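Chain by chain, the residues run as shown.
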Amino acid sequence: MAKAREGLYTPVEMAQMMLCSKNTISNWENSHTKPSERKLRRWADLTGVDYEWLLLAEGRQEPDSYGNTGGVTIRELLACGSGQVTTGKWTIAS
């Protein structure tokens, strides 16, 4: 999250726009706590970064050779209950 914010806003500015404290921003950026989906979508809007990248990438900026940009496994995504995962060119259903 910090990579998305840096160069655009200070932590204080981001906190003001996100309607939270600077400490909350720090906790999110250092993975001490996780923002709600609504807050993460707001972060994506403010920084121009793709919501899915923020949700899954966990710091990895470039897709791997298979087009994957996430830091989670397909098994973990399927366990979330969606029943289907699309990654790169492939769609996998449980």
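Refer to the structure presented above.
One structure accompanies this document, and this report is about it. (Residues numbered from 1 in each chain as written. Predicted model: local features only at pLDDT ≥ 70, side-chain atom pairs only at ≥ 80, totals over all residues. Heavy atoms only, no water.)

A look at the pattern of salt bridges
This is how it is decided: Salt bridge, as used here: a side-chain nitrogen of Lys or Arg that lies within 4 Å of a carboxyl oxygen of Asp or Glu. Helix and strand labels come from DSSP, where a helix needs a run of H or I of at least four residues and a strand needs a run of E of at least two; each type is numbered from the N terminus. Relative accessibility decides the category of a residue: with a 1.4 Å probe and only protein chains considered, values under 20% of the type maximum give buried, values over 50% give exposed, and everything between is partly exposed.
Here the structure, examined in full by the defined rule, presents 2 salt bridges. A salt bridge links Glu 29 to Arg 5; its shortest N-O distance comes to 2.5 Å. Of this pair, Glu 29 sits in helix 3 (residues 22-29) while Arg 5 sits in helix 1 (residues 2-5), and the two are 24 residues apart along the sequence. In this structure, Glu 29 and Arg 5 share a single accessibility class: buried. For Glu 37, the salt bridge is made with Arg 41, and the minimal N-O distance between the two is 3.0 Å. Within this pair, Glu 37 and its partner Arg 41 are both found in helix 4 (residues 37-47), separated by 4 residues, close to a single helical turn.

A word on the packing of aromatic side chains
Convention followed: Working definition: a ring pair exists when centres of Phe, Tyr or Trp rings (six-membered ring for Trp) sit within 6.5 Å. Plane angles under 30 degrees give stacked, over 60 give edge-to-face, the rest tilted. Should the NZ of a Lys or the CZ of an Arg lie within 6 Å of a ring centre and within 35 degrees of the ring normal, that charge is described as sitting over the ring.
Taken as a whole, this structure holds 1 aromatic pair when the rule is applied. When the centroid spacing of 6.1 Å and the interplanar angle of 70 degrees are considered together, the rings of Trp 28 and Trp 43 count as edge-to-face. Of this pair, Trp 28 sits in helix 3 while Trp 43 sits in helix 4, and the two are 15 residues apart along the sequence. Here the two residues Trp 28 and Trp 43 agree in accessibility, since each one is buried. Above the plane of the ring of Tyr 51 lies Arg 41, whose end atom (NZ or CZ) is 3.8 Å from the centre.

What about helix 3?
Stated precisely, the cut-off is as follows: Directions from the helix axis toward the C-beta atoms define the arc. By definition in these notes, contact holds between two residues if any of their heavy atoms fall within 4.5 Å.
Inspection of helix 3 places Ile 25, Trp 28 and Glu 29 among the buried residues, and these make up the whole buried set. Summarising the axial view, the buried residues of helix 3 lie within an arc of 95 degrees, below the 170-degree limit, and thus occupy one face. Looking at the buried side of helix 3, the elements it contacts are helix 1, helix 2 (11-18) and helix 4. Looking at the residues trailing helix 3, positive phi occurs at Ser 31, about 60 degrees.

Things to note about the side chain of Arg 5
The line we're drawing: Pairs of N or O atoms within 3.5 Å make up the polar contacts considered here, provided that, within protein, one atom can donate a hydrogen while the other can accept it, and that residues adjacent in sequence are counted only when both atoms are side-chain atoms.
Classification of Arg 5 as buried rests on a relative accessible area of 8%. In this structure the side chain of Arg 5 is engaged in a polar contact, spanning 2.8 Å, whose partner is the backbone oxygen of Tyr 9. The residues touching Arg 5, leaving out its near neighbours within four places in the chain, are Thr 10, Pro 11, Met 14, Glu 29, Trp 43 and Thr 47.

What about the environment of Glu 52?
Within the secondary structure, Glu 52 is located in helix 5 (residues 51-56). Sequence spacing of Glu 52 and Arg 41 is 11 residues, and the spatial spacing of their C-alpha atoms is 9.1 Å.

Considering the environment of Met 17
As for its placement among the helices and strands, Met 17 is situated in helix 2. Taking C-alpha positions, Met 17 is 8.4 Å from Leu 46, a pair spaced 29 residues apart along the chain.

By themselves, these figures tell us nothing about what the structure is for.
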